[in-house]
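Chains, contacts and geometry: an overview
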Amino acid sequence: MGLLSLGTPLAWPDARELSEHVRVHGIEQFLSVWRRMRDRQGDAPLWGDELEYMVVALDPEQRTARLSLRQGEILQRLAQCDDSDVLGTCAALPTFHPEYGRYMIESTPGRPFGISADELLRVERDMLVRRRLTRERLLPNEVPMTIGSFPRLGVTDTAFTDPPHEAHGAASHSLFLPDEIINTHVRFPTLTSNIRQRRGSKVRINVPIFRDTHTPEPFVDPTIPYERELFPEDGEARAGAAWADHIYMDAMGFGMGCCCLQVTFQASSMDEARKLYDQLTPLTPLLLAVSAASPTYRGYLGDVDARWNVISAAVDDRTPVERGEAPFAGAGAHNSDTHARRLRKSRYDSVDSYLCENDEARACNDVPLEVNEAVEQRLRAAGVDAVLAAHMAHLFVRDPLVIFSENVDLHDATSVDHFENLQSTNWQTMRFKPPPPGNAIGWRVEFRPMEIQLTDFENAAFSVCIALLTRVVLELGVDWYMPISLVDENLQRAQQRDAVHTQRFHFRRGDAPATAEYTLAELFHGTDDLPGLLPLVHRYLDTQPIAAASRAALNEYLDLVGARADGRLMTNAAYIRQFVRSHAAYRHDSVVSDEINYDLLSTLDAIERGEKEAPGLLPAGYAARRQGI
Ligand code: ADP
Ligand code: MG
Ligand code: MG
Ligand code: MG
């Protein structure tokens, strides 16, 4: 979650005065890195994942599952782990990080993985060690759960946090979420508050409700206080922010409080990083669809399977002018509005342009790219090529959201804080990461669309699959360029309920520079005119000297991804939806009650621990495998 500076964060009106300062120096900081590092060559193909957990307190007597807000203590205890805790189980002591929710923990490997079969087969074990270390530092009734969305985050009929808290906090102004669910570090409430203030209203998230046989028609959320006006924010929902037939949410926490699975790859050079960025971009919607894990929101089943649009709306800081809902204010507008123009997307959204300098990439960059012209001119004048300059100038159309008063005047040759301020709050499906300070790490790309999976077998499977796809890109030389507008369209399709069975996705044909529409099964397994992602991975593996047992172990991961793509196994989202709908207490009204929530989460926990089989979700033998590791 970017850097966590200590200090005094500026309230929005003061931060806004400094946004141009941060942009101007941020781009100088990028230039300083670019000048030093643009010719850097020969970095190894190292990579690593990020796993996000929710700490859930299960109470078997009351049959409740609540979010435990003990992030601070748990992270403190995790920081005290030493080598003796992992002796003989993983290569290096893992790293644990805070995340947005005060019930969230993020883990990363202590040392990045390599790309050999032995290294890839280290991933699941490393993930399991991280889970064990976390679990050992929880209370006996707490479990670290890797689920996309907490089904009852923001309900109003019962508590959903442990301990319970009242909504209507100063940062979120939410009808549903107390500020106490936010990480205590000042960065996070400030981010929340400044997004709301920049935008000029609370964020608005409307997820279509899943229509079951007894879901009221129209569905008008009974928990929205239409009759009451105790707080100013009550009125917003009534005045149109909350849509009929939708689950309404009104705070950053509904999005940033979801969990995801990210993977970062080091490239040998800047050009190779740009190539990886481009070729992985068309895959982002496909991997979102097969990893879909988030069908529930605020105590209801949604009609979507994935979190992406929720989190996109949850941090949408665009002003009404930028959203196209108000006319441009014209001369006299505030300093930070001088760039006021339509911005098509939230700062959390799919990427808008390919990064390589070639004719195909240029032709496929078919969506309008809003750029900060001053930034673009500065980069061009300094010698940065047009494509990279436009990419950075596009990220820099945003304002920095959190500025610490102690961190305003920095040395542009040594600091990257201002650059990272904008870079790390452009939350896109891919991120192009320049080398950080120091000389140890090179140019990297981050693959960001995937949802976290219930088990580390699945998390390893998806991570390893993408890692192998980077080798396919670099060693087999594929060409997956397709219009960015179609990648955008795919990202919407990817979130649809049961996308595996209902959606087709645009993808470049294997036999012509044109796209066609394919099912996920076709995309992953191949057709007459498409080699298919998994056959390509196998083709790459066939070129490698890999022992039979190792190859069989890698194949288990690839088979899992393939089974998810063709529907032989359910996605996490489909499994959760089916569990809720077949629960004895479910009234077919789309409601995920406290009781169903408890049974769901305690069952998921038992599955993860290998105490319960999950036919339809995981391959036969998962439980024995989990118990054996
Ligand atoms: P962020 O939250 O900014 O995306 P994190 O530090 O949480 O970044 O995660 C970065 C990931 O990159 C980790 O999995 C880490 O193991 C991995 N990583 C570390 N060093 C390298 C490297 N040299 N090349 C590639 N990945 C690396
Ligand atoms: Mg994270
Ligand atoms: Mg991280
Ligand atoms: Mg990340």
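Going by what an unreviewed UniProt entry lists, the protein chain is known as Glutamate--cysteine ligase and is assigned to Malassezia caprae. Turning to the protein chain, the UniProt record has this under Catalytic activity (unreviewed entry): "L-cysteine + L-glutamate + ATP = gamma-L-glutamyl-L-cysteine + ADP + phosphate + H(+)". Of the protein chain, the UniProt comment under Sequence similarities (unreviewed entry) reads exactly: "Belongs to the glutamate--cysteine ligase type 3 family."

Here we come to the coordination of the magnesium ion (ligand 2). Each protein donor to the magnesium ion (ligand 2) is listed here as Glu52 (OE), Glu99 (OE) and Glu106 (OE); together their distances run 2.0 to 2.2 Å. Ordering the donors of the magnesium ion (ligand 2) by residue number gives the pattern E-x46-E-x6-E. A separation of 4.1 Å is found between the magnesium ion (ligand 2) and the magnesium ion (ligand 3), both of which receive a donor from Glu106. Of this pair, Glu52 sits in strand β1 (residues 47-59) while Glu106 sits in strand β4 (residues 104-108), placing them 54 residues apart in sequence. Note on accessibility: Glu52 and Glu106 belong to one class, buried.

What follows is about helix α6 (residues 187-199). Compared with an ideal rise of 1.5 Å per residue, which puts 13 residues at 18 Å, α6 spans 18 Å between its outermost C-alpha atoms and is within 8% of the ideal. Counting buried positions along α6 gives 11 out of 13 residues, so the element sits mostly inside the fold. Listed in full, the buried residues belonging to α6 are Arg187, Phe188, Thr190, Leu191, Thr192, Ser193, Asn194, Ile195, Arg196, Arg198 and Arg199. Of the surrounding elements, those touching the buried residues of α6 are α1 (12-17) and α12 (320-323). Positioned one or two residues after α6, Gly200 has a phi angle of 95°, which is positive.

Before going further, it helps to spend a moment on the packing of aromatic side chains. Going through the model one piece at a time under the given rule, you end up with 16 aromatic pairs. Summarising the aromatic geometry, the rings of Phe219 and Tyr300 are spaced 5.1 Å apart at their centres and angled 80° between planes, so their arrangement reads as edge-to-face. Here Phe219 is found in the loop between β7 (205-208) and α7 (234-241), whereas its partner Tyr300 is found in strand β11 (residues 300-301), with 81 residues between them in sequence. Among the residues examined, Phe219 registers a relative accessible area of 2% and is labelled buried. Linked through ring pairs, Phe30, Phe396 and Phe419 together constitute an aromatic cluster. Over the aromatic face of Phe210 sits the side chain of Arg577, whose NZ or CZ is 4.9 Å from the ring centroid.

Attention now goes to the site of ligand 1. Residues in close proximity to ligand 1 total 16 residues, the closest being Asp49, Glu50, Glu106, Gln266 and Lys433. One nitrogen or oxygen atom from the side chain of Lys433 is found 3.0 Å from an oxygen atom belonging to ligand 1. Here an oxygen atom of ligand 1 sits 3.1 Å away from a polar atom, N or O, in the side chain of Glu446. Considering ligand 1 on its own, with 570 Å² of exposed area, one finds that the protein chains cover 81% of that surface. Secondary structure elements with two or more residues in the shell around ligand 1: β1, β4, β9 (261-266) and β15 (444-447). Per-element tally for the shell around ligand 1: the top contributor is β1, with four residues. Split into classes, the residues belonging to the shell around ligand 1 amount to six nonpolar, four polar and six charged.

We now examine the pattern of salt bridges. Counted according to the given criterion, the structure contains 60 salt bridges. The salt bridge partner of Arg135 is Glu608, with a shortest N-O separation of 3.1 Å. One end of the pair, Arg135, is in helix α5 (residues 123-136); the other, Glu608, is in helix α24 (residues 594-608), with 473 residues separating them in the sequence. The partner of Glu217 in a salt bridge is Arg211, with the nearest N and O atoms 3.8 Å apart. By relative accessible area, which is 65% here, Glu217 ends up exposed. One salt-bridge network, held together by shared partners, links Arg131, Arg135, Asp456, Asp605, Glu608, Arg609, Glu611 and Arg626.

On to the coordination of the magnesium ion (ligand 4), then. For the magnesium ion (ligand 4), every protein donor is listed as Glu50 (OE), Glu50 (OE), Gln262 (OE1) and Glu446 (OE), and the spread of their distances is 2.0 to 2.5 Å. All donors of the magnesium ion (ligand 4) come from a single chain, and their spacing in sequence reads E-x211-Q-x183-E.

As a further point, take unusual backbone geometry. The amide bond that connects Asp162 to the next residue, Pro163, takes the cis arrangement and shows omega of 0°. Tracing the chain through its elements places Pro163 in the loop between β6 (161-162) and α6. Following Glu217, the chain continues into Pro218 via a peptide bond in cis, with omega recorded as 0°. Residues other than glycine seldom take positive phi values, yet His173 does so here, at roughly 55°. The topology assignment puts His173 in the loop between β6 and α6. Even without being glycine, Asp245 reaches a positive phi, approximately 60°. When you line up the elements, Asp245 lands in the loop between α7 and β8 (246-249).

As a further point, take the packing of helix α17 (residues 456-476) against helix α22 (residues 548-566). Interhelical geometry of α17 versus α22 gives an angle of 95° and a closest axis separation of 9 Å. Here α17 lies roughly perpendicular to α22, going by the angle between them. Contacts between α17 and α22 involve Phe457, Glu458, Ala460, Ala461, Phe462, Val464, Cys465 and Leu468 from the first element and Leu554, Glu556, Tyr557, Leu558, Leu560, Val561 and Arg564 from the second. In the contact of α17 with α22, the residues fall into 12 nonpolar, no polar and three charged.

A few words on the packing of helix α9 (residues 270-280) against α17. Look at α9 against α17: their axes get within 10 Å of each other, and the N-to-C directions meet at 115°. Between α9 and α17 lies a crossing of right-handed hand. Contacts from Glu272, Lys275, Leu276, Gln279 and Leu280 in α9 reach Thr470, Val473 and Leu474 in α17. Partitioned by chemical class, the residues of the contact of α9 with α17 number four nonpolar, two polar and two charged.

About the cut-offs
Residues numbered from 1 in each chain as written. Chains lettered and ligands numbered in written order. Predicted model: local features only at pLDDT ≥ 70, side-chain atom pairs only at ≥ 80, totals over all residues. Heavy atoms only, no water. UniProt positions renumbered as here; feature names shortened; annotations may be inferred. Donors = N, O, S within 2.8 Å, 3.2 Å for Na, K, Ca; no water. Helix = DSSP H or I, 4+ residues; strand = E, 2+ residues; numbered from the N terminus. Buried < 20%, exposed > 50% of the residue type's maximum accessible area, 1.4 Å probe, protein only. Expected span 1.5 Å × (residues − 1). Contact = heavy atoms within 4.5 Å. Phe/Tyr/Trp six-rings, centres within 6.5 Å; stacked < 30°, edge-to-face > 60°. Lys NZ or Arg CZ within 6 Å of the ring centre and 35° of its normal. Near = heavy atom within 4 Å. Polar contact = N/O pair within 3.5 Å; in protein donor to acceptor, adjacent residues only side chain to side chain. Areas by Shrake-Rupley, 256 points an atom, 1.4 Å probe, with all protein chains shown as cover. Nonpolar A, V, L, I, M, F, W, Y, C, P; charged D, E, K, R; others polar. Salt bridge = Lys/Arg side-chain N within 4 Å of Asp/Glu carboxyl O. Axes fitted to C-alpha atoms, helices over the stretch in contact; angles between N-to-C directions. Parallel < 35°, antiparallel > 145°, perpendicular 65-115°, else oblique. Left-handed = near helix turned anticlockwise from the far one by under 90°.

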